[in-house]
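# Inside the fold
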Amino acid sequence: MLLGALLDAGLSLEDLRGALAKLGVDGYSLRAQRAQRGGLEGTHLVVELEERGRRTHTIQNFVDTVEASGLSDRVVQQSRAAFLRIEEAEARVHGTEPGETHLHELGTLDTLVDVVGSVAGLEMLGVETVYCSAFPSGSGVVRSQHGLLPVPAPATAALFEIANAPVAPPPNNAHNTGEMVTPTGAAILTTLATFQQPQFNVQRIGYGLGTRDSQQYPNALALWLGTEQTEKYSTGVKLIETNIDDMSGELLGYVQERLFEMGARDVWFTPIQMKKNRPATMLSIIVAAADEAQAVDIVMKETSTLGVRVRPLERIEAQREVVRIDTSVGNVAVKIKRLDGSIVSVSPEYEDARLRAIEKGLAIHDVFGRIQREAETQIMQGGER
């Protein structure tokens, strides 16, 4: 349904196939068609598995495949995070350590396609931030290789728990809806999204349709694309800090990665001296107020600290959006900065500039400069596209 919504919102099926081809795996095919669920029209995408595509894999197999692909660093990092979240949920359900659980339904190739395709599709559409509503709990039972399971399935419920995600009753308090959120869908969204309701200008809407055609509700997932209305003065952020004097740089770097994956606005380290002149590191994190608990939980679990300092922060922010433009080095994403509605500057997105530099065999600073000049001409001087 996530892939269908991406296609319905403007992603081309050929671009999706091209991104997934970088994984270097076969045994599956993609088929998309227009359809209706209730009175709602959208795109129904089916991942059809051949016999070899139905073979079960481990989470580590999926992670190794993604890391060996030619996909962008962002897609690799976010896909890996989603897979490791599935592994953590399965371990909780089965009472095992991560890596020891045997996957059943989630071990087939469609899980790899769903996760990587969704992450890559959002990147190709230029989506920078993902927000999600409360998950519908669903009701009734679902059949699995373990037998009948309650809805939501235990792995899905564990993912809700890990992310501290909001959950709502089924629409119209419908009964026996069946599964409304799969473990894979929960893993993708709890990894990529924050559960807030921002104001933004809607530009496109896509509907991804599920296989079931329920009489109780339209079985569809809505993807709204737009530009967030960022207020110039924002007070909904928190500063979390702690001092650490007994952790290596590698471990601190891992903590930083975890914090960025959960949605931290910024994470940085400051060298400091503690009592008895011991050298130490101050870890500082800026997060949305709604993400405070999750960020604190990561710091308390992943570092040696015994406590953190938290205080509200007034943050002055410019309005921003990311658009794609055609340049002499290819189609790239650039960030537009606005103050009071007027464009102040444009700047290339690093990942696109890096890829173009590698493809063209050019120095990165040359590519940056070329994109910068052409973006200023097209957007600031020639009028925004």
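Residues numbered from 1 in each chain as written. Predicted model: local features only at pLDDT ≥ 70, side-chain atom pairs only at ≥ 80, totals over all residues. Heavy atoms only, no water.

### Considerations on the overall build of the protein
Counted only if it meets this: Helix and strand assignments come from DSSP, with helices taken as H or I runs of at least 4 residues and strands as E runs of at least 2, each series counted from the N terminus. We take the radius of gyration over the C-alpha atoms and set the globule estimate at 2.2 Å times the residue count to the 0.38 power. Whether a residue is buried, partly exposed or exposed follows from its accessible area with a 1.4 Å probe, protein chains only, as a fraction of its type maximum: under 20%, in between, or over 50%, in that order. The contact criterion used is simple: two residues touch if any of their non-hydrogen atoms lie within 4.5 Å.
Secondary structure assignment for the protein yields 11 helices and 17 strands. Here the C-alpha radius of gyration of the protein, 22 Å, is about what a compact globule of 385 residues would show, namely 21 Å. C-alpha atoms of the protein, sized along the principal axes, occupy 60 × 60 × 40 Å. Burial analysis of the protein (385 residues in total) assigns 42% to the buried set. Residue pairs in contact within the protein that sit at least 24 positions apart in sequence constitute 68% of those at least 6 positions apart.

### Here's the deal with the sheet that holds strand S17 (residues 342–348)
For clarity, the cut-off: Strand pairing is assigned whenever DSSP identifies at least 2 bridges connecting the two strands. Where helices are involved, their axes are fitted lines through C-alpha atoms of the stretch in contact, as for all axes, and angles between N-to-C directions lie from 0 to 180°.
One open sheet holds the three strands; their spatial order is S15-S16-S17, and the pairing between them is antiparallel. Two strands lie at the open edges of the sheet, namely strand S15 (319–327) and S17, each paired on one side alone. Sheet twist, expressed as the mean angle between neighbouring strand axes with direction ignored, is 30°.

### Quick word on the packing of helix H4 (residues 73–94) against helix H6 (residues 154–163)
Which entries qualify depends on this criterion: Angles below 35 degrees are treated as roughly parallel, those above 145 as roughly antiparallel, those between 65 and 115 as roughly perpendicular, and all remaining angles as oblique. Should the near helix be turned anticlockwise from the far one by less than a right angle, the crossing is termed left-handed; should it be turned clockwise, right-handed. All residues other than Ala, Val, Leu, Ile, Met, Phe, Trp, Tyr, Cys, Pro, Asp, Glu, Lys and Arg, Gly among them, are scored as polar; the first ten of these are nonpolar and the last four charged.
Here H4 crosses H6 at 115°, and the two axes come no closer than 8 Å. By the angle between their axes, H4 is roughly perpendicular relative to H6. Considering only the axes of H4 and H6, their crossing is right-handed. Contact residues: Arg 85, Ile 86, Glu 88, Ala 89, Glu 90, Arg 92 and Val 93 in H4; Pro 154, Ala 155, Ala 158, Leu 159, Glu 161, Ile 162 and Ala 163 in H6. Per-class residue counts for the contact of H4 with H6 are nine nonpolar, no polar and five charged.

### Describing helix H2 (residues 13–21)
To keep things clear, this is the line we draw: The arc in question is the one traced by the directions running from the helix axis out to the C-beta atoms.
Residues of H2 that are buried: Leu 16, Ala 19 and Leu 20. Take H2 and look down its axis: the buried residues cluster within an arc of 95°, on one side only. Turned more than 90 degrees from where H2 packs its buried face, Glu 14 and Ala 21 sit exposed. Close packing links the buried residues of H2 with helix H1 (2–8), strand S1 (28–37), strand S2 (40–49) and helix H5 (109–124).

### Quick look at the packing of helix H3 (residues 59–67) against H5
In the contact formed by H3 and H5, the axes pass within 11 Å of each other and the chain directions differ by 45°. Considering their axes alone, H3 and H5 lie oblique with respect to each other. By crossing handedness, the relation of H3 to H5 is classed as right-handed. Along its contact with H3, which presents Phe 62, Thr 65 and Val 66, the element H5 presents Thr 111, Leu 112 and Val 116. A breakdown of the residues in the contact of H3 with H5 according to their chemical character gives four nonpolar, two polar and no charged.

### Notes on the packing of aromatic side chains
We apply this condition: Between 30 and 60 degrees the pair is tilted, below 30 it is stacked and above 60 it is edge-to-face, where a pair is any two Phe, Tyr or Trp rings, Trp via its six-membered ring, whose centres lie within 6.5 Å.
Overall, the coordinates contain three aromatic pairs when judged by the stated rule. An angle of 35° between the planes, with centres 5.3 Å apart, marks the rings of Phe 62 and Phe 83 as tilted. Linking Phe 62 in helix H3 with Phe 83 in helix H4, this pair joins segments that are 21 residues apart in sequence. The exposure class of Phe 83 is buried, given its relative accessible area of 0%.

### Structural notes on the pairing of S17
Judged from the six bridges that link them, strand S16 (residues 330–339) and S17 form a sheet pairing that is antiparallel. Residue pairing in the sheet places Lys 335 in a bridge with Ser 347 of S17. As consecutive antiparallel partners, S16 and S17 are separated by two residues, and within that stretch Asp 340 has a phi angle of approximately 55°, a positive value.

### Quick look at unusual backbone geometry
Of the consecutive residues Val 151 and Pro 152, the connecting peptide bond is found in the cis state with omega at 0°. In this fold, Pro 152 is placed in the loop between strand S6 (147–150) and H6. Positive phi, normally seen in glycine, also occurs at Asn 164, with a value near 55°. Structurally, Asn 164 can be placed in the loop between H6 and strand S7 (167–168). Note on Asn 164: relative accessible area 62%, which makes it exposed. Of note, the phi angle at Asn 176 is positive, near 50°, even though the residue is not glycine. Here Asn 176 is to be found in the loop between S7 and helix H7 (183–192).

### Some points on the pairing of strand S13 (residues 279–288)
Every regular strand shows the same layout, with side chains that alternate between the two sheet faces. Burial analysis of S13 places nine of its 10 residues in the buried class, which makes it a mostly covered element. Sheet analysis places strand S12 (residues 266–273) next to S13, joined by eight bridges and oriented antiparallel. By the bridge assignment, Phe 269 is partnered in S13 with Leu 283. Counting the residues between successive antiparallel strands, the hairpin from S12 to S13 contains five residues, one of them, Lys 276, with a positive phi of roughly 60°.

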